Amino acid sequence: MQVTTPTTSDALSAFEERNSRRGRLIGYVRSRTHSFVARQVVTLMGLVLVWAVFDPVIALAAHLTPAVFDLAELGAMRVLVRRLDTPARVDRARAILIGFGLMHSASVAFGVILITSTAPPGDPLLYNLGLLTGLMMNAGVDTRLIYWPNYLRGLVLVLAGVAVLIIDVIRSGNVMAVLPDFVGAAIIMFSTRRLLNITLTTLSKGRMAQREVLLGQQRTEQANLDLTRQKDELLLLSLVARHTQDLVVVTDPKARILWVNTAFEEFFGVTLDQVKGDPPSKYNASPNSDPESLRRIFRAAAERRPYRTPLLVRNGAGEDRWTDFQLVPIIGEGGDIVNAISVQRDITEAREAARQLMEAKLTAEASERTKADFLATMSHEIRTPMNAVIGMADLLGATALDREQKLYAETIRSSADSLLSIINDILDYSKLDAGKLTIDPAPMSLRACISDAVGLLRPQASQKRLTFDLDLSGGIPASVLGDAGRIRQILVNLIGNAIKFTEQGGVSVTARYERVEDAQRAVIEVRDTGPGIPEARLEHIFEKFSQAEGATTRRYGGTGLGLTISRLLARGMGGDITVRSTLGEGSTFTVSLTLPMAERAELPAPRPADPPRSEPDPALLRGLSVLVAEDNRTNRLLVERYLRGLPIGLSFAANGREAVAETLRLAPDVVFMDMSMPEMDGLEATRQIRADPEAPQPRIIALTANAFASDRELCLAAGMDDFLAKPIRRADLLDQLHGVATGVLPPPDATASGGQNR
Ligand code: ADP
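Q: Can you help me understand the overall build of the chain in this one?
A: From N to C terminus, the chain includes 21 helices and 17 strands. The C-alpha radius of gyration of the chain comes to 59 Å, more than 25% above the 27 Å expected for a compact globule of 758 residues. Along the longest, intermediate and shortest principal axes, the C-alpha atoms of the chain span 180 × 80 × 50 Å. Sequence separation of at least 24 residues holds for 66% of the intrachain contacts in the chain that already meet a minimum separation of 6. Just so you have it, the chain exposes about 40,100 Å², and 59% of that area is on carbon and sulfur atoms.

Here is the structure:
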């Protein structure tokens, strides 16, 4: 943007305006107006002269006519000049003025011809030529303002002059007598024209010069202004550099300090004079600075590239401070470093804040983990006594009780079952939350898995007189790759809920298999005719400990964890669970799971004949030696009661160390080994037994409250043969014993084992 002082730019625009088409027209009108009176005075003098010398009538006619036209032209000009606001109006005014100019000069021509024709030949010649020359000069000079009106006006005047001479020749009848007048007139014309040319050229040059001067003036002013602005800007920049809180150093091409700002002086407790000429590294490093950072700064400076790094420096008070160091080389036109500027910002506090934030985050994560571990430990700890409660309630139920006592025992048993399922949920959830729960895909039959879950719950539906439909016709392949245990867990939860909340009507389960491009998924829908879930609660029921209504807990029980766990599991299997529901009509839960197809051959072979679930023949167990390693006294008592009366040798160990010793001493056929025991745990005890070539090798079965596949793998890896999750049922113990006694279960050193885990 061009900025000039008002005077120059005003003068320049006034100049441009004056020299525009419109401006020149206005100038012309002004000039004609100014000279109007002078013209009339000359005319009056001519009139008086001709009146006195020749004839009053001729004088009047020859002078009043041009005076009238002059007045008319003046009037027209005054009117036209008032409205010149558009270029079209300017053009029109010029055309009109051509007419008036022509009329005026024609009237002058008429005057001089009239005088020439009536006066004695040759007498008024000089007067006429003088008059015409004067007017021509005027017109000629005015061509610079407006060309055509004045050019034509001049032409008419020249023609009038020629006419005057011709009339003189005709009237005198002697060419020779008039010849000197001709030549004189020609000389006057020629000189006039020359004079005019010179005048016009001078005027035009003057105008150009004036314009140049104005433009030059404008340029000078602009340059002045730019200079002032640059000065101001420089001043401002130096103010910023001087007063910023950042430490600023300017160095010369040899990397010696040229200038430092006040912040630098204060930070290092030095003055500019003291540091001038020093290498900046003398200041911007600390004995504790990372030498590699310093080397990188030097390298960047040598390579003339900008560089930024956090840098530890020691301030004037001897404290180490962290700074954000930035190096900016200023490269000259020749490519050499002219200066380098370094800017350092003290970021000690910011770094400390970031560190604290990170620490807080780590602490939060650790406490999150602690929470999950606590939940897991707690539920494990609860599970151990629950084992005893359930077992004892079972034993109590089997004794001779009256009706009331039987009711109490059953209540203890069913309450313990509910408590156990809550604990299982919490354990599952805490493991899922801590990311510890794994999904173990293996070839499986999806149909069998769904049928299993349905079979488990169908009796509950019949008990409530609910209909139960199962539709597996949706193109489910024979074998898919998935974690059957986890899928069953999801289905048991969804179908269990459907039955739990439905009072009338029924539940239906449909499954289909979809192949969309690369994705192969199973979609299982569990539909019920229950109470439905209010729209606003639909998403919340998947949140932990969340139930659709508070009253639900009181009416149906439950923890509000089932759906949370199921959804986490489904998502862990590349799917999800969604729900649609209409209040009063029912709900539909849809599980989608990514389950790639597997070869049928990959399906695990069905287990050989399952050990009989009915009470085995006690005689078969005769002579079997059984060792139970369990630290919990009540649980030992429980096993003792479960196995009481059988023809077996039963002994106990209270920790892993005793278990090893007793195994060596008694050479038992079967060891039931608790996993966690004081002094030595079951895993270590097993390892020692298996590692000892002298030791007898019994079948070792883990007894544990840790009910996960990972625990099972740990047990097997330690050398155990099978795995029983607490709470232990008498039937499970008998199955194991019977299996060993009849040789159905594999010998101790075989690695294969039947799964007892969930
Ligand atoms: P829980 O059943 O242990 O309370 P869930 O996470 O399985 O916990 O379910 C959460 C809540 O979602 C339930 O308390 C209930 O309010 C609602 N809900 C789940 N399934 C159904 C269903 N089929 N019909 C109506 N409400 C349901």
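Next comes the rest of the account.
Q: How should I be thinking about the pattern of salt bridges in this particular structure?
A: Applying the stated criterion across every chain yields a total of 40 salt bridges. Between Glu514 and Arg512 there is a salt bridge, with its nearest N and O atoms 3.1 Å apart. The class of Arg512 is partly exposed, set by a relative accessible area of 35%. The salt bridge involving Asp576 is made with Arg571; its shortest N-O contact spans 3.1 Å. Using a relative accessible area of 22% as the deciding quantity, one classes Asp576 as partly exposed. The structure contains a network of salt bridges with shared partners spanning Arg32, Arg39, Asp70, Glu73 and Arg153.

Q: Looking at this model, I keep getting lost on the pairing of strand β14 (residues 648-653). Mind explaining?
A: The side chains of a regular strand alternate between the sheet's two faces. Strand direction decides the pairing type here: strand β13 (residues 624-629) and β14, joined by six bridges, are parallel. The residue bridging Ser625 from the neighbouring strand is Gly649, located in β14.

Q: What is the right way to read the sheet that holds strand β12 (residues 586-594) from this model?
A: For sheets, the rule is that strands pair by backbone hydrogen bonds, running either parallel or antiparallel. Strand order in the open sheet made by the five strands is β7-β9-β10-β12-β11, with mixed pairing throughout. The open sheet has two edge strands, β7 (467-474) and β11 (576-582), and neither has a second partner. Strand-to-strand twist in this sheet, taken as the mean axis angle between neighbours without regard to direction, amounts to 15°. Bridge count for β11 against β12 is seven bridges, and the pairing is antiparallel. Within the sheet, the bridge partner assigned to Ser581 lies in β12 and is Ser587. Sheet strands in contact with helix α13 (residues 446-463) are β7, β9 (506-516) and β10 (519-528), and its direction is about 175° off that of β7. Of the strands in this sheet, β11 and β12 touch helix α16 (residues 562-572), which is tilted by about 135° from β11.

Q: Help me out: how do you make sense of the packing of helix α14 (residues 484-501) against α16 in this one?
A: Look at α14 against α16: their axes get within 10 Å of each other, and the N-to-C directions meet at 145°. Read as a crossing pair, α14 and α16 show a hand that is left-handed. Of the residues in α16, those in contact with Arg486, Gln489, Ile490, Asn493, Leu494 and Asn497 of α14 are Gly562, Leu563, Ile565, Ser566, Leu569 and Ala570. Residue composition of the contact of α14 with α16, grouped by class: six nonpolar, five polar and one charged.

Q: Explanation requested: helix α17 (residues 633-643) in the structure shown.
A: Given 3.6 residues to a turn, an α-helix orients residues that are three or four positions apart in the same direction. For α17, the complete set of buried residues consists of Asn635, Arg636, Leu638, Val639, Tyr642 and Leu643. The buried residues of α17 occupy an angular sector of 160° when the element is viewed end-on, so they sit on one face. One side-chain oxygen of the residue at the start of α17 lies 3.0 Å from the amide nitrogen of Thr634, identifying that residue as Asn632.

Q: What is the right way to look at the sheet that holds β13 in this model?
A: With parallel pairing, the five strands of this open sheet are ordered in space as β14-β13-β15-β16-β17. The sheet is open, and its two borders are formed by β14 and β17 (722-725), each paired with just one other strand. The sheet shows a mean angle of 20° between the axes of neighbouring strands, taken without regard to direction. Lying on the sheet, α17 is in contact with β13 and β14; it crosses β14 at an angle near 180°. Together, β13, β14, β15 (670-674), β16 (699-704) and β17 form the strand contacts of helix α21 (residues 730-742), whose direction differs from that of β15 by roughly 145°.

Q: How do you make sense of α21 when you look at a structure like this?
A: With 13 residues, α21 extends 18 Å between its outermost C-alpha atoms, agreeing within 8% with the 18 Å of an ideal straight helix rising 1.5 Å per residue. Within the span of α21, buried status applies to Asp732, Leu733, Leu734, Asp735, Gln736, Leu737, His738 and Gly739. Taken together, the buried residues of α21 touch β13, α17, β14, β15, β16 and β17.

Q: Help me out: how do you make sense of the side chain of Glu525 in this one?
A: Take Glu525: it is sitting in strand β10. With a relative accessible area of 12%, Glu525 lands in the buried category. Here the side chain of Glu525 touches Arg527 through a polar contact of 2.6 Å, side chain to side chain. Excluding residues within four positions of it along the chain, Glu525 makes contact with Ser508, Val509, Thr510, Arg512, Arg580, Thr588, Phe589 and Thr590.

Q: Explain unusual backbone geometry to me, please; I cannot follow it from the model alone.
A: Negative phi values dominate among residues other than glycine, just as trans dominates among peptide bonds. Even without being glycine, Arg465 reaches a positive phi, approximately 55°. As for its position among the elements, Arg465 is in the loop between α13 and β7. On the basis of relative accessible area, Arg465 is assigned to the exposed category, the value being 76%. The phi torsion at Ala667 lies on the positive side, around 45°, for a residue other than glycine. Examined against the element boundaries, Ala667 turns out to sit in the loop between α18 (656-666) and β15.

Q: How do you make sense of the packing of aromatic side chains when you look at a structure like this?
A: Counted by the stated rule, this structure contains eight aromatic pairs. Summarising the aromatic geometry, the rings of Tyr147 and Tyr151 are spaced 5.5 Å apart at their centres and angled 15° between planes, so their arrangement reads as stacked. With Tyr147 and Tyr151 both in helix α6 (residues 147-172) and four residues apart, the pair spans about one turn of that helix. Of the residues examined, Tyr151 reaches a relative accessible area of 38% and is grouped as partly exposed. Ring centres of Trp148 and Tyr151 lie 5.5 Å apart, and the angle between their planes is 80°; this geometry places the pair in the edge-to-face category. Of this pair, Trp148 and Tyr151 both sit in helix α6, three residues apart, which is roughly one turn of the helix. Members of the aromatic cluster, each reached through a chain of ring pairs, are Phe264, Phe267, Phe268 and Tyr283. Geometry around Trp322 places Arg351 over its ring, the cationic atom sitting 3.7 Å from the centre.

Rules and cut-offs
- Residues numbered from 1 in each chain as written.
- Predicted model: local features only at pLDDT ≥ 70, side-chain atom pairs only at ≥ 80, totals over all residues.
- Heavy atoms only, no water.
- Helix = DSSP H or I, 4+ residues; strand = E, 2+ residues; numbered from the N terminus.
- Rg over C-alpha atoms; globule rule 2.2 N^0.38 Å.
- Contact = heavy atoms within 4.5 Å.
- Areas by Shrake-Rupley, 256 points an atom, 1.4 Å probe, with all protein chains shown as cover.
- Salt bridge = Lys/Arg side-chain N within 4 Å of Asp/Glu carboxyl O.
- Buried < 20%, exposed > 50% of the residue type's maximum accessible area, 1.4 Å probe, protein only.
- Pairing = 2+ DSSP bridges.
- Axes fitted to C-alpha atoms, helices over the stretch in contact; angles between N-to-C directions.
- Left-handed = near helix turned anticlockwise from the far one by under 90°.
- Nonpolar A, V, L, I, M, F, W, Y, C, P; charged D, E, K, R; others polar.
- Arc of directions from axis to C-beta.
- Polar contact = N/O pair within 3.5 Å; in protein donor to acceptor, adjacent residues only side chain to side chain.
- Expected span 1.5 Å × (residues − 1).
- Phe/Tyr/Trp six-rings, centres within 6.5 Å; stacked < 30°, edge-to-face > 60°.
- Lys NZ or Arg CZ within 6 Å of the ring centre and 35° of its normal.

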